Amino acid sequence: MIVTVKTTGVTPADVLLVARGDARVEIDPATVEAMATSRAIVDNIEASGRPVYGVSTGFGALASTSIAPERRAELQHALIRSHAAGIGAPMPREVVRAMMLLRLRSLALGRSGVRPLLAQGLADLLNHDITPWVPEHGSLGASGDLAPLAHCALVLLGEGWVVGKDGARQAAAEALHAAGLEPLELAAKEGLALINGTDGMLGMLLLAIDDARHLFRMADVTAALAIEAMLGSERPFLPELHEIRPHPGQAASAANIRSLLQNSHIMDSHRDNLDHAVQDAYSMRCAPQVAGAARDTLDFVVSVCGRELISVVDNPVVLPDGRVESTGNFHGAPLGFAADFLAIAAAEVGAISERRVDRLLDVTRSRDLPPFLSPDAGVNSGLMIAQYTAAGIVAENRRLASPASVDSLPTSGMQEDHVSMGWAATKKLRTVLDNLTSLLAVELLAAVRGLQLRAPLTPSPAGQAAIAAVEPFAGVPGPDVFLAPVLEQAREVVRRRDLAEGLL
């Protein structure tokens, strides 16, 4: 697989291919030409002696400090070393790879005034599977992701750390030497161009979009399975009921759930029963309203990322007419807001899932299923504590859903007096989605147990597929077993795409 970086940038699919699929990165010749043209403008400005931020001056609160021509390359190297000030555990490989590709993309748009060899240097790191050690703490999403990007840039200089093949920290110089790569020497403006961007936030958000899109579909699957196991009604999912409240995500979710409930002997068994509840509980009946609203939120996030992917995110920027202008385009507010919105939505998809699990396990509300889905409750506890685990995760997601983007802290001598906290917002979104995977795994296991306990009634084809996926490691309802490995394997079923893709 090859991803070609063009003057138009890259696509979300390109980012996924490089971050998760290890695609090779190539730079289009037209992109090289655009960068060379932009660089010539910077060279002319530098030769003229005109003061320009980041070219002949210091940075941030030191912007009024003039830098002598003979020290401007030193300035760029010092910038990278001083800004590589993160601390904590390394960010996942996929995040770092996405971040490097997106910084390369930004440089390739031809507005940063850097030489093409800088972009090629980032491509070389990706193509030789060299992953900089990027600590989790350091970015405020202020002038973009300064510290994380500086840790990437430092590796281009042959300094700093990379993540070795064994996961341990390794000197960058050793990794470059092993790959046959030479360290780069920076020219004026280039250090600043390597770190002044929203690429870490954007990379995490693009990865989160891919995960959320799958998990929201999987939430429809587990909801349908739970509704079927609890002898719920399919009538709330009729299309005409959602046409009169035309939220697109809601209609899509309702259609999914209704489709999954078809051809079920379990559903047929109570369809005409006059004793059947007139209305199901909200966690069943309102599943499309919650998962659908999450889908619509996701659509908004997709639109934000689409705009960011074609944006020049740097400061200062080099305009085609020769001007070099300062901007605020590096501020991460659009991405921070989007990440916080999506975290709220994903947390609620998990919360309503846990409510269905609780209902499945409660003998007073589960419509004749045994307590905690154990055929021999009392001696056995069934899935009682699995619901405890789910409740604890819901509580954590509620804490994580508190927005990071409202929590600005001023820095750089009050020059950067409002920051986005976009890095924190996108980082915690990843945790929320990972937690949602666990919550849907608990619901999947509980729903399958409920369907198994409805025998000899035959479940829907969706229910049969879920049983076939879960029964090999979870077995059939019976005496208690060591539950943690069962839940881990249920998580893997949720994480994989094959069950949802096979049903919807």
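Here the structure is a predicted model, which is why all the values come from computation and not from measurement.

**A look at the overall build of the protein chain**
Next, step 1: Looking only at helices and strands, the protein chain has 20 helices and eight strands in total.
Next, step 2: Projected onto the principal axes, the alpha-carbon positions of the protein chain cover approximately 90 × 50 × 40 Å.
Next, step 3: Split into buried and exposed, the 504 residues of the protein chain put 53% on the buried side.
Next, step 4: Residue pairs in contact within the protein chain that sit at least 24 positions apart in sequence constitute 80% of those at least 6 positions apart.
Next, step 5: As displayed, the protein chain has an accessible area near 20500 Å², and 56% of this comes from carbon and sulfur atoms.
Next, step 6: For the protein chain, the distance from the average site of its 43 positive side-chain charges to the average site of its 57 negative ones is 2 Å.

**Regarding the pattern of salt bridges**
Next, step 1: For the structure on display, the rule yields 33 salt bridges.
Next, step 2: In this structure, the salt-bridge partner of Lys189 is Asp314, at a minimum N-O distance of 3.2 Å. One end of the pair, Lys189, is in the loop between helix 7 (172-179) and helix 8 (190-195); the other, Asp314, is in the loop between helix 14 (287-309) and strand 7 (317-318), and 125 residues separate them in sequence. The pair formed by Lys189 and Asp314 is uniform in burial state, with each residue classed as buried.
Next, step 3: In this structure, Glu234 engages Arg271 in a salt bridge whose closest nitrogen and oxygen atoms are separated by 3.2 Å. One end of the pair, Glu234, is in the loop between helix 9 (199-229) and helix 10 (239-243); the other, Arg271, is in the loop between helix 12 (265-268) and helix 13 (282-285), with 37 residues separating them in the sequence.
Next, step 4: Exposure remark for Arg271: the relative accessible area of 41% places this residue in the partly exposed category.

**Some points on the side chain of Ser264**
Next, step 1: Secondary-structure assignment places Ser264 in the loop between helix 11 (248-260) and helix 12.
Next, step 2: In terms of polar contacts, Ser264 uses its side chain to reach the backbone amide nitrogen of Met267, at 3.0 Å.
Next, step 3: When neighbours within four sequence positions are excluded, Ser264 is seen to be in contact with Glu228, Thr458, Pro459 and Ser460.

**Observations concerning the pairing of strand 1 (residues 2-5)**
Next, step 1: In strand 1, alternate side chains face the same way, and those of Val3 and Val5 are buried while those of Ile2 and Thr4 on the opposite face are not.
Next, step 2: Note that the unit made of strand 1, helix 1 (residues 12-19) and strand 2 (residues 24-27) has a crossover that is right-handed.

**Description of the nonpolar core**
Next, step 1: With 143 residues, the main nonpolar core has Leu194, Ile195, Phe216, Leu360 and Leu444 as its most contacted residues.
Next, step 2: Broken down by element, the residue count for this core peaks at 20 residues, all from helix 9.
Next, step 3: In this structure Phe216 touches Ala294, Arg295, Leu298, Leu342, Ala346, Val349 and Leu436, once residues within four positions along its chain are discounted.
Next, step 4: Within the second largest apolar cluster, eight residues are counted, among which are Ile41, Val52, Val55 and Val324.

**Let's talk about a nonpolar patch on the surface**
Next, step 1: On the surface, Phe300, Phe337 and Phe341 cluster together to form a nonpolar patch covering roughly 280 Å² of accessible area.
Next, step 2: Within the secondary structure, Phe341 sits in helix 15 (residues 333-361).
Next, step 3: Here Phe341 falls in the partly exposed class, since its relative accessible area comes to 41%.

**What about the packing of aromatic side chains?**
Next, step 1: If you walk through the whole model with that rule in mind, you get two aromatic pairs.
Next, step 2: Between Phe300 and Phe341, the aromatic rings sit 5.8 Å apart at their centres with planes inclined by 40 degrees, giving tilted as the arrangement. Of the two residues, Phe300 is situated in helix 14 and Phe341 in helix 15; the sequence distance between them amounts to 41 residues.
Next, step 3: Ring pairs connect the aromatic residues Phe300, Phe337 and Phe341, which therefore count as one cluster.
Next, step 4: Directly above the ring of Trp133 sits Arg169, whose terminal nitrogen or CZ lies 5.1 Å from the centroid.
Next, step 5: Between the NZ or CZ atom of Arg169 and the centre of the ring of Trp161, over which it lies, the distance is 3.6 Å.

**Focus: the packing of helix 9 against helix 11**
Next, step 1: Between helix 9 and helix 11, whose axes approach to 9 Å, the crossing angle comes to 45 degrees. Relative to helix 11, the element helix 9 lies oblique. The crossing of helix 9 and helix 11 is right-handed. Each of Asp220, Val221, Ala223, Ala224 and Ile227 in helix 9 lies in contact with helix 11, whose residues at this interface are Ser253, Asn256, Ile257 and Leu260.
Next, step 2: The residue makeup of the contact of helix 9 with helix 11, split by class, is six nonpolar, two polar and one charged.

**Structural notes on unusual backbone geometry**
Next, step 1: Along the chain, Asn315 connects to Pro316 via a cis peptide bond; the corresponding omega equals -10 degrees.
Next, step 2: Counting through the fold element by element, Pro316 comes out in the loop between helix 14 and strand 7.
Next, step 3: With omega at 15 degrees, the peptide bond leading from Ala455 into Pro456 counts as cis.
Next, step 4: Following the sequence through the fold, Pro456 ends up in the loop between helix 17 (422-453) and helix 18 (461-474).

**Overview of helix 4 (residues 93-108)**
Helical geometry note: an α-helix holds 3.6 residues per turn, so side chains three or four residues apart project in the same direction.
Next, step 1: Taking 1.5 Å of rise per residue, the 16 residues of helix 4 would be expected to cover 22 Å, and the 23 Å separating its terminal C-alpha atoms lies within 8% of that figure.
Next, step 2: Downstream of helix 4 by one or two residues, Gly110 has phi in the positive range, about 75 degrees.

**What about the environment of Phe337?**
Next, step 1: When you line up the elements, Phe337 lands in helix 15.
Next, step 2: You can call Phe337 partly exposed: its relative accessible area is 41%.
Next, step 3: Along the sequence, Phe337 and Val406 sit 69 residues apart, while their C-alpha atoms lie 8.8 Å from each other.

The rules we used
Residues numbered from 1 in each chain as written. Predicted model: local features only at pLDDT ≥ 70, side-chain atom pairs only at ≥ 80, totals over all residues. Heavy atoms only, no water. Helix = DSSP H or I, 4+ residues; strand = E, 2+ residues; numbered from the N terminus. Buried < 20%, exposed > 50% of the residue type's maximum accessible area, 1.4 Å probe, protein only. Contact = heavy atoms within 4.5 Å. Areas by Shrake-Rupley, 256 points an atom, 1.4 Å probe, with all protein chains shown as cover. Lys, Arg positive; Asp, Glu negative; His and termini not counted. Charge placed at Lys NZ, Arg CZ, Asp CG, Glu CD. Salt bridge = Lys/Arg side-chain N within 4 Å of Asp/Glu carboxyl O. Polar contact = N/O pair within 3.5 Å; in protein donor to acceptor, adjacent residues only side chain to side chain. Right-handed = clockwise from strand over helix to strand, strands pointing away. Core = buried A, V, L, I, M, F, W, Y, C linked by side-chain atoms within 4.5 Å. Patch = residues over 30% accessible without salt bridge, like charges linked within 9 Å, V, L, I, M, F, W, Y side chains within 5 Å. Phe/Tyr/Trp six-rings, centres within 6.5 Å; stacked < 30°, edge-to-face > 60°. Lys NZ or Arg CZ within 6 Å of the ring centre and 35° of its normal. Axes fitted to C-alpha atoms, helices over the stretch in contact; angles between N-to-C directions. Parallel < 35°, antiparallel > 145°, perpendicular 65-115°, else oblique. Left-handed = near helix turned anticlockwise from the far one by under 90°. Nonpolar A, V, L, I, M, F, W, Y, C, P; charged D, E, K, R; others polar. Expected span 1.5 Å × (residues − 1).

Nothing here speaks to function; it is all geometry.
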